[in-house]
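Structural description and commentary
Each chain, letter by letter, is given below.
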Amino acid sequence: GQQLNQSPQSMFIQEGEDVSMNCTSSSIFNTWLWYKQDPGEGPVLLIALYKAGELTSNGRLTAQFGITRKDSFLNISASIPSDVGIYFCAGTGNQFYFGTGTSLTVIP
Amino acid sequence: GAGVSQSPSNKVTEKGKDVELRCDPISGHTALYWYRQSLGQGLEFLIYFQGNSAPDKSGLPSDRFSAERTGGSVSTLTIQRTQQEDSAVYLCASSLWGEGNQPQHFGDGTRLSIL
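Residues numbered from 1 in each chain as written. Chains lettered and ligands numbered in written order. Predicted model: local features only at pLDDT ≥ 70, side-chain atom pairs only at ≥ 80, totals over all residues. Heavy atoms only, no water.

**Quick word on the state of the cysteines**
Selection criterion: Counting rule for disulfides: a pair of cysteine sulfur atoms within 2.5 Å. Secondary structure is summarised from DSSP: a helix means a run of H or I of at least four residues, a strand means a run of E of at least two, and numbering begins at the N terminus for each. Working definition: with a 1.4 Å probe on protein chains only, accessible area under 20% of the residue-type maximum means buried, over 50% means exposed, and in between means partly exposed.
Enumeration over the complete set of coordinates arrives at two disulfides over all chains. Bridging C23 of chain A to C89 of chain A, the disulfide has an S-S length of 1.6 Å. Judged by the sign of its S-S torsion, about -40°, the cystine formed by C23 of chain A and C89 of chain A is left-handed. Pair noted here: C23 of chain A is in strand β3 (residues 19–24) and C89 of chain A is in strand β9 (residues 85–92), with a separation of 66 residues, a long-range link. Grouping residues by exposure puts C23 of chain A and C89 of chain A together as buried. Each disulfide pairs two cysteine sulfurs, and for C23 of chain B the partner residue is C92 of chain B, the sulfurs being separated by 1.9 Å. Handedness of the C23 of chain B-C92 of chain B disulfide follows from its S-S torsion of about -65°: it is left-handed.

**Points about the packing of aromatic side chains**
Operational definition: Side-chain rings of Phe, Tyr and Trp (the six-membered ring for Trp) are treated as a pair once their centres are within 6.5 Å; stacked means planes under 30 degrees apart, edge-to-face means over 60, and tilted covers the remaining angles.
Enumeration according to the criterion identifies ten aromatic pairs over all chains in this entry. Arranged with centres 5.5 Å apart and planes meeting at 90°, the rings of Y35 of chain A and F106 of chain B form a pair that is edge-to-face. Taken together, the positions of Y35 of chain A in strand β4 (residues 31–37) and F106 of chain B in strand β9 (residues 105–106) put the pair across two chains. For the pair shown, Y35 of chain A and F106 of chain B are each scored as buried. Ring geometry for Y35 of chain B against F106 of chain B: centres 5.7 Å apart, planes inclined by 40°, an arrangement best described as tilted. One end of the pair, Y35 of chain B, is in strand β4 (residues 31–37); the other, F106 of chain B, is in strand β9, and 71 residues separate them in sequence.

**Observations concerning the sheet that holds β3 of chain A**
All names here are of chain A. So the rule is basically this: By definition, two strands form a pair when at least two bridges between them are found by DSSP. In this description, a line fitted to the C-alpha atoms serves as the axis of each element, helices being fitted only across the stretch in contact, and the angle between N-to-C directions of two axes falls anywhere from 0 to 180 degrees.
On the basis of which strands lie adjacent, the open sheet formed by five strands has the order β1-β3-β8-β7-β6 and antiparallel pairing. Edge positions in the open sheet fall to β1 (5–7) and β6 (55–58), since each of these has one partner strand only. Going across the sheet, the axis of each strand differs from the next one's by a mean of 15°, ignoring polarity. Looking at chain direction, strand β7 (residues 61–65) and strand β8 (residues 71–76) are connected through five bridges and run antiparallel. If you follow Q64 over to β8, its bridge partner there is F73.

**Focus on the pattern of salt bridges**
Selection rule: We define a salt bridge as a contact between a side-chain nitrogen of Lys or Arg and a carboxyl oxygen of Asp or Glu at a distance within 4 Å.
With the rule as written, the count across this model stands at five salt bridges over all chains. The shortest N-O distance in the salt bridge between R60 of chain A and D83 of chain A comes to 2.8 Å. Here the residue R60 of chain A occupies a position in the loop between β6 and β7, and D83 of chain A occupies one in the loop between β8 and β9, the gap between them amounting to 23 residues. For R60 of chain A, a relative accessible area of 27% puts it in the partly exposed group. Measuring nitrogen to oxygen at the nearest pair gives 2.8 Å for the salt bridge that ties R64 of chain B to D86 of chain B. Taken together, the residues R64 of chain B in the loop between β5 (44–50) and β6 (65–69) and D86 of chain B in the loop between β7 (75–79) and β8 (88–95) connect sequence positions 22 residues apart.

Below, the structure written as structure tokens:
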């Protein structure tokens, strides 16, 4: 099925640095979601966005629903080792579509 | 807790055997999804159940794969005559209802290894 274009594919950063990742689609979505997956576990919902232009924060995480409704970004500020994992975006219209994931490694 | 529960958490079986994977969704969630995730890869949609409607089977990779959802709650994903390429993590998710704006909540998956 359709998948969203998520970038970067992987990131290696120093602890304390800020992180930015994004997702784009050729289709308009009604909802954008961001998930984090730790090894051996299922994806866990981080942030849900329901309106174009919406900017939402969850602790050190901030995500925005692009004004065109075709993109979204996720920022993580002041990264810590437990931020390590795979981050997935998801967009929904009539169906659910997942991004290909961004693997984040935080170097202490 | 009251999250999505999947069993078994790990399954190792020989090529050619049938396997059944179980998913208990969050109570009250009418929509249920199955995904497959190969090592280091994204999520591959398999099948979607919404209430009593006919399931969307468009993601099932072959006729060896089937799924049922009994009583609108528990779901079983069955893989017949397993092949080595079936090795993956099988994730189940549920949402309050199947309309697009309801977030999916995932179980921790079943890690399937075919020898």
